[in-house]
Amino acid sequence: MIKFFLMVNKQGQTRLSKYYEHVDINKRTLLETEVIKSCLSRSNEQCSFIEYKDFKLIYRQYAALFIVVGVNDTENEMAIYEFIHNFVEVLDEYFSRVVSLMIMFNLDKVHIILDEMVLNGCIVETNRARILAPLLILDKMSES
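In this report, the structure presented in the accompanying data block is examined. (Residues numbered from 1 in each chain as written. Predicted model: local features only at pLDDT ≥ 70, side-chain atom pairs only at ≥ 80, totals over all residues. Heavy atoms only, no water.)

Brief notes about the sheet that holds strand β3 (residues 49-52)
Inference 1: If you walk across this open sheet you meet the five strands as β2-β1-β5-β4-β3, and the pairing is antiparallel. Two strands in the sheet have a free side with no partner beyond their single neighbour: β2 (14-19) and β3. When the angles between neighbouring strand axes are averaged without regard to direction, this sheet yields 20°.
Inference 2: Where strand β4 (residues 55-62) lies against strand β5 (residues 65-71), seven bridges are found, and the strand directions are antiparallel. Note on β5: the bridge partner recorded for tyrosine 59 is valine 68. (Pairing = 2+ DSSP bridges. Helix = DSSP H or I, 4+ residues; strand = E, 2+ residues; numbered from the N terminus. Axes fitted to C-alpha atoms, helices over the stretch in contact; angles between N-to-C directions.)

Topic: the nonpolar core
Inference 1: Core analysis: the largest hydrophobic core is formed by 30 residues, its most contacted members being Phe5, Met7, Phe87 and Ile113.
Inference 2: Elements supplying a minimum of two residues to this core: β1 (2-9), β5, α2 (77-95), α3 (100-105), α4 (107-117) and α5 (128-143).
Inference 3: Among the elements that take part in this core, α2 stands out by supplying nine residues, more than any other.
Inference 4: Leaving out residues up to four positions away in the same chain, methionine 7 has contacts with Gln13, Thr14, Arg15, Leu16, Leu65, Phe66, Ile67, Phe87, Leu91, Ile103 and Val110.
Inference 5: Core analysis: the second largest hydrophobic core is formed by 15 residues, Phe4, Val8, Val35 and Cys39 among them. (Core = buried A, V, L, I, M, F, W, Y, C linked by side-chain atoms within 4.5 Å. Buried < 20%, exposed > 50% of the residue type's maximum accessible area, 1.4 Å probe, protein only. Contact = heavy atoms within 4.5 Å.)

In structure tokens, the structure reads:
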């Protein structure tokens, strides 16, 4: 099960965070700082899976953007690794280009995409067309 989902730039600034378990705001800040520090300090040659406290971190880097997913011990690391890639492909299909500024200015749409893919910490959809369908309907409604 997914515990949290983070999108972070190379400077360590969180661009998107979504928690699937309750974590106090003060603890979130500390958790994000530690998680980001541990991921950003690793080289490209090192594994993208990290054992951290009572869960695992799976992360992927796309240019200046890091996507970090915290999962429990029973989750399949490769499945989450591919989920991250699928998420970026969906963003790329919708926005044409995935960059930090795009996420900041379209945070609501990025959350809609993530909510279509993950429900209560479980991956429920991976089909790009079905993930983007609600967003495309919203876009049509806002145009008219």
